[in-house]
Amino acid sequence: MTGLRDQLHGLWLPLVTPFQDGALDERSLRRLTRHYGAHGIDGLILGATSGEGMTLRAAELERLVAVVREEMATAGRNLPICLGLSGADTSRLQERLDETADWPINGYLIASPYYVRPSQRGLLAHFETLADHAAWPIALYNIPYRCAVNITNQTMLRLAEHKNIVGLKDCGASREQSIALLRDRPKGFRVLTGEDANFFEALSDGADGGIVLSAHVETATFAAIYSEHKRGNHDAALARWHEVAELTRLLFAEPSPAPAKYWLWRSGLIDSPEVRLPMVEVSSQLAATIDREIERRMTIAA
């Protein structure tokens, strides 16, 4: 089987986790998996930020992975899956790695420890300890505006030397830092942007792809942006980007993934826009804006 290092490129979707009446909605989950498996996605992230992973019980997370893998097998497409994990306790995360070692995944997406704000030496020791322990490869997740700590490029380049650390979801919020990392990274260390609004910009800077929540909507357009850019068709890629650039702002107008879930519900892909507290469903004002945008895009498509 091809390793995650070779698979970590292109358009990855951080799949939302559908709920109904407080429970995992398996019917909607199967529908989502079938839909996106046929629409140009190169990989899936399950149970991370967009999947409300912090609210999922261990059994729910395991069932989430199993259902997605089963549905993909039925459809005859074997997309790679990364499981989102996070936490501020290195020892507890080691236990989670043990608990998930035999799950049908291809790797992990692991965010920096939140709240405790470790030093760079602490981050280095944390991720190296996890990488030494993990049965599957790890992609790092640098998102300082959520975790209150930034993985510096000096630390990142040290971590990139570890054979079991294969890439990065980059939400560092500094284009200068990202460009320097892309310039200095070792061969084979993959960098995907996690900032939807910067998808085109990141590809232009040399990123290997993106993990893009907004690709739940207009999936084929996001896939085309990547494909055109990879072929060197900059103008064509830019033209497609203009079709969805505003969408990347609309879907983050209120805390994600509530806007995306509302859109998917209105489009019939999930049976409920339900999110789990402390997330709440979109406001009536944003709902009306999304409704208008859905109607506008349907009119254009017709």
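For the structure given in this document, a descriptive report is provided here. (Residues numbered from 1 in each chain as written. Predicted model: local features only at pLDDT ≥ 70, side-chain atom pairs only at ≥ 80, totals over all residues. Heavy atoms only, no water.)

1. Quick word on the sheet that holds strand S10 (residues 209-211)
Strand order around the closed barrel formed by 8 strands is S1-S4-S5-S6-S7-S8-S9-S10, with parallel pairing between neighbours. Strand-to-strand twist of the sheet, defined as the mean angle between neighbouring strand axes without regard to direction, takes the value 25 degrees. Of the pairings in the sheet, the one linking strand S8 (residues 165-170) to strand S9 (residues 190-193) comprises 4 bridges and is parallel in character. Paired with Lys169 across the two strands is Leu192, which belongs to S9. (Pairing = 2+ DSSP bridges. Helix = DSSP H or I, 4+ residues; strand = E, 2+ residues; numbered from the N terminus. Axes fitted to C-alpha atoms, helices over the stretch in contact; angles between N-to-C directions.)

2. Considerations on the nonpolar core
Across soluble globular proteins, nonpolar side chains have a tendency to be buried as a group. Of all hydrophobic cores here, the largest spans 95 residues; its most connected members are Tyr108, Phe199 and Phe222. When sequence neighbours within four positions are dropped, the list of residues in contact with Phe199 reads Leu11, Thr193, Gly209, Gly210, Val212, Phe222, Ile225, Tyr226 and Trp241. (Core = buried A, V, L, I, M, F, W, Y, C linked by side-chain atoms within 4.5 Å. Buried < 20%, exposed > 50% of the residue type's maximum accessible area, 1.4 Å probe, protein only. Contact = heavy atoms within 4.5 Å.)

3. A look at the pairing of strand S6 (residues 107-111)
The element S6 is extensively covered by neighbouring structure, given that 5 of its 5 residues are classed as buried. A two-sided burial pattern is seen for S6, the buried positions comprising Gly107, Leu109 and Ala111 on one face and Tyr108 and Ile110 on the other. The pairing of strand S5 (residues 81-85) with S6 spans 4 bridges and is classified as parallel. In the sheet register, Leu83 faces S6, and the bridge partner there is Tyr108. In this fold, the crossover linking S5 to S6 by way of helix H4 (residues 90-99) has right-handed handedness. (Right-handed = clockwise from strand over helix to strand, strands pointing away.)

4. Quick notes on the pattern of salt bridges
Considering all chains together, one arrives at 23 salt bridges under this definition. Residue Arg240 pairs with Glu243 through a salt bridge whose shortest N-O separation is 3.0 Å. With Arg240 and Glu243 both in helix H11 (residues 234-250) and 3 residues apart, this pair spans about one turn of that helix. Relative accessible area serves as the criterion here: at 38%, Glu243 is assigned to the partly exposed category. With a shortest N-O distance of 2.7 Å, Glu293 and Arg297 are connected by a salt bridge. With Glu293 and Arg297 both in helix H13 (residues 284-301) and 4 residues apart, the pair spans about one turn of that helix. Residue class for Arg297 comes out buried when judged on its relative accessible area of 13%. Sharing partners across several salt bridges, the network here consists of Glu26, Arg30, Arg34, Arg63, Glu70 and Glu71. (Salt bridge = Lys/Arg side-chain N within 4 Å of Asp/Glu carboxyl O.)

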